[in-house]
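Letter by letter, the chains look like this.
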Number of protein chains: 2
Amino acid sequence: MELFTVEGIPEIRPGDNIPSHVEKNIDLIDGDIILIASTIISKSEGRATNLSNFTPSKRAESIAKSLESLTGKSKDPRFAQAILDESSEVLIESPFILCRTHFGHICVNAGIDRSNTGSHDILLLPIDPSHSAMGLKKQFSTDVSVIITDTCGRPFRYGQVGVAIGWAGISAHRDWRGKHDLIGHELEVTVQCILDELASAANLLMGEGDGGTPVVIVRNWDFGPFPENQDLFRKPEDDVVRKALRRWAS
Amino acid sequence: MELFTVEGIPEIRPGDNIPSHVEKNIDLIDGDIILIASTIISKSEGRATNLSNFTPSKRAESIAKSLESLTGKSKDPRFAQAILDESSEVLIESPFILCRTHFGHICVNAGIDRSNTGSHDILLLPIDPSHSAMGLKKQFSTDVSVIITDTCGRPFRYGQVGVAIGWAGISAHRDWRGKHDLIGHELEVTVQCILDELASAANLLMGEGDGGTPVVIVRNWDFGPFPENQDLFRKPEDDVVRKALRRWAS
């Protein structure tokens with residue numbers, strides 16, 4: 001299994017064709033997995049915007065005020081409003097805003113970026129990353145899979161890791177249920193989230209900041225004989241932690 | 001960056017020297033990162049054991065009983081006792097047992113395995129995986145890093161991913177704080193947990209079950225100029241979700 005970055009991707013602007021930038025700089029082969037940082041997808045889709053476009057509601061004002069008094073740092077209620085607009089549900093409002101985006105991803109600040117935003121204030125996530133991934137997949141001239149990545153913090157463990165937020169042409173999981181161990185016992189629960197594992201692997205090469213390389217190729221990795229399984233974002237009834245957070249926040 | 005499995009690792013028994021099995025089957029070079037599934041470390045350390053060695057306390061009986069009535073499946077109170085023995089704190093008891101191991105890792109069932117346990121009933125995690133990793137690192141004849149991996153479920157997202165539970169010779173994180181984005185703005189919080197990203201990447205090749213390959217090498221990956229940072233397991237005061245779970249469970 002090899003991973004490598006695609007060099008030579010320019011600063012992306014609205015309307016840019018990312019697959020053509022990739023193919024200009026690298027020879028792809030069938031089966032390659034193309035991992036693309038959501039930042040450049042957002043930029044190509046015109047999702048960089050300014051805080052002046054957001055008029056804070058009372059709720060946004062109140063969230064910003066309570067974060068301000070908690071952290072001692074000034075918080076822009078327009079930023080809180082952008083987060084509310086991008087969310088279908090707010091799980092917790094303090095000490096940070098954890099919410100569910102309209103496409104199902106649970107993350108801090110609805111994944112809105114304030115670094116690497118070019119001449120704009122903020123960068124929103126793509127509206128529907130799996131839809132974006134499908135569109136990109138079709139534009140490549142080889143038979144590739146596309147995964148759109150972001151980075152996310154986690155409970156229990158320090159540090160952010162790469163995760164998938166949209167994908168096309170690949171299963172979310174390898175489902176080992178019903179398979180057997182070395183001595184023939186059936187395996188316990190083992191649904192392996194290969195999407196997130198691939199996103200984490202790619203994030204080791206993408207980096208952040210001014211040396212960032214937003215496209216990584218995974219080559220020569222064999223998925224194996226598993227049925228397709230496309231559920232990435234937990235349903236509320238399957239999510240004990242989400243239940244606990246709701247109870248705690250209310 | 002390349003990842004490859006080490007073929008030819010035999011079934012591991014108590015006292016086996018894992019580094020010598022690895023070096024018999026592959027030529028390592030300085031800078032290689034050796035990722036080893038915790039299962040074989042546990043086996044080499046004699047952590048495979050039988051449920052008959054556990055006498056359930058009242059608490060274990062009660063946990064097993066309540067899980068039984070919730071799931072409709074029979075639960076062995078001796079297994080609950082093994083989990084309690086391996087834990088310093090139980091975060092939730094139902095609908096599954098989420099706990100903190102004595103070395104700080106938060107996971108379901110204290111990471112105790114019931115598959116791939118050889119002729120024993122269960123396989124406990126290594127007592128102190130970072131201590132194990134340090135011992136292994138010293139036994140390799142080249143200058144390598146060692147990461148001991150396990151797989152773990154997560155809130156919000158379906159599926160398990162590879163995570164690190166012990167390590168030696170490598171920083172847990174790349175800490176981008178204070179670095180700048182492409183146009184010179186300081187990056188927001190970005191502490192990247194490379195340990196877990198490497199473990200996830202390796203897990204793509206390790207697999208589960210009867211075709212499992214428990215050792216993966218990562219080669220040609222440049223960590224970059226970052227200061228060392230060794231905190232992997234969140235302190236309670238830095239963990240909102242843990243607070244919420246405690247409140248919820250009580």
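Residues numbered from 1 in each chain as written. Chains lettered and ligands numbered in written order. Predicted model: local features only at pLDDT ≥ 70, side-chain atom pairs only at ≥ 80, totals over all residues. Heavy atoms only, no water.

### Brief notes about the overall build of chain A
Test applied: A run of DSSP states H or I qualifies as a helix once it reaches four residues; a run of E qualifies as a strand once it reaches two. Both are numbered from the N-terminal end. Accessibility here uses a 1.4 Å probe with only protein chains present; expressed as a share of the type maximum, an area under 20% marks a residue as buried, one over 50% as exposed, and anything in between as partly exposed. Per-residue and other accessible areas were derived by the Shrake-Rupley procedure at a 1.4 Å probe size, with only the shown protein chains allowed to occlude residues. By the counting scheme adopted, Arg and Lys are positive, Glu and Asp are negative, and His together with the chain ends is not counted. A charged residue contributes its charge at one atom only: NZ of Lys, CZ of Arg, CG of Asp or CD of Glu.
A tally of helices and strands in chain A yields seven helices and twelve strands. Looking at the 250 residues of chain A, the share that counts as buried comes to 56%. Working note: accessible area of chain A is about 10,500 Å², and carbon and sulfur atoms make up 48% of it. With 26 positive and 35 negative side-chain charges, chain A shows a separation of 7 Å between the mean positions of the two kinds.

### A closer look at the packing of helix α3 (residues 58–71) of chain B against helix α4 (residues 77–85) of chain B
All names here are of chain B. Note the following rule: Under this scheme, a helix contributes an axis fitted over its contacting stretch, all axes are lines through C-alpha atoms, and angles between N-to-C directions fall in the 0 to 180 degree range. Comment on the angle field: the value is read as roughly parallel under 35 degrees, roughly antiparallel over 145, roughly perpendicular from 65 to 115, and oblique elsewhere. Crossing chirality is assigned from the near helix's rotation relative to the far helix, an anticlockwise turn below a right angle marking it left-handed and a clockwise turn marking it right-handed. Only heavy atoms enter the contact rule, under which two residues are in contact if any of them lie within 4.5 Å.
Relative to each other, α3 and α4 sit at 120°, their axes nearing to 8 Å. One finds that α3 runs oblique with respect to α4. Relative to α4, the crossing made by α3 is right-handed. Across the interface between the two elements, Arg59, Ala60, Glu61, Ile63 and Ala64 of α3 pack against Pro77, Ala80, Gln81 and Leu84 of α4.

### Observations regarding the environment of Leu136 of chain B
Residues and elements named next belong to chain B. With respect to the helices and strands, the residue Leu136 is situated in helix α5 (residues 129–139). The exposure class of Leu136 is buried, given its relative accessible area of 9%. Sequence spacing of Leu136 and Lys243 is 107 residues, and the spatial spacing of their C-alpha atoms is 35 Å. Ignoring anything within four residues of it in the chain, the contact list for Leu136 reads Ile18, Pro19, Ile36, Ile41, Val146 and Ile148.

### Re the relation of the copies chain B and chain A
Filter applied, for reference: Only residues with pLDDT of at least 70 in both copies contribute their C-alpha atoms to the least-squares superposition of the copies.
In the superposition of chain B on chain A (RMSD 0.0 Å, axial shift 0.0 Å), the rotation amounts to 180°. Taken together, the turn and the small shift mark the pair as related by a two-fold rotation axis. Comparing interface residues between copies, 100% of those in chain B also sit at the interface in chain A, which points to an isologous, same-surface contact.

### Structural notes on the interface of chain B and chain A
Condition: Put simply, buried area is how much 1.4 Å-probe accessible surface two parts lose in total, over both of them, once they are put together. For this analysis, a salt bridge means a side-chain nitrogen from Lys or Arg found within 4 Å of a carboxyl oxygen belonging to Asp or Glu. Polar contact criterion, stated in full: a pair of N or O atoms within 3.5 Å, where within protein one must be able to donate a hydrogen and the other to accept it, and residues adjacent in sequence count only if both atoms are side-chain atoms. Here the nonpolar group is Ala, Val, Leu, Ile, Met, Phe, Trp, Tyr, Cys and Pro; Asp, Glu, Lys and Arg are the charged ones; every other residue, Gly included, is treated as polar.
On the chain A side, the residues contacting the 71 residues of chain B number 71 residues. Of the roughly 6,400 Å² buried at the junction of chain B and chain A (both faces included), carbon and sulfur atoms supply 59%. By the criterion of area lost to chain A, the three top residues of chain B are Phe156, Tyr158 and Leu204 of chain B, representing 16% of everything that side buries. The tally of links between chain B and chain A comes to four salt bridges. Here Arg154 of chain A ties to Asp196 of chain B by a salt bridge, and the two come within 2.9 Å at their closest N and O atoms. The interface formed by chain B and chain A holds 38 residue pairs in polar contact (both at pLDDT 80 or more) in total. Residue contributions to the side of chain B that touches chain A peak at nine residues, all from helix α6 (residues 194–206) of chain B. Classifying every residue of the side of chain B that touches chain A by side-chain character gives 34 nonpolar, 16 polar and 21 charged.

### Regarding unusual backbone geometry
In most cases, non-glycine residues show a negative phi, while peptide bonds are predominantly trans. Residue and element names in this part refer to chain A. The peptide bond linking Ser94 to Pro95 adopts the cis configuration, its omega dihedral lying at 10°. Along the chain, Pro95 turns up in the loop between β4 (87–92) and β5 (98–101). Even without being glycine, Asn109 reaches a positive phi, approximately 55°. Along the chain, Asn109 falls in the loop between β6 (106–108) and β7 (122–123). Residue Asn109 is classed as buried on the basis of its relative accessible area of 18%.

### Considerations on the sheet that holds strand β6 (residues 106–108) of chain B
Residues and elements named next belong to chain B. The test is simple: Following DSSP output, two strands are said to pair if at least two bridges run between them.
One open sheet accounts for three strands, arranged β4-β5-β6; its pairing is antiparallel. The open sheet terminates on both sides in strands that have one partner only, identified here as β4 (87–92) and β6. Strand-to-strand twist across the sheet, computed as the mean angle between neighbouring axes with direction ignored, equals 35°.

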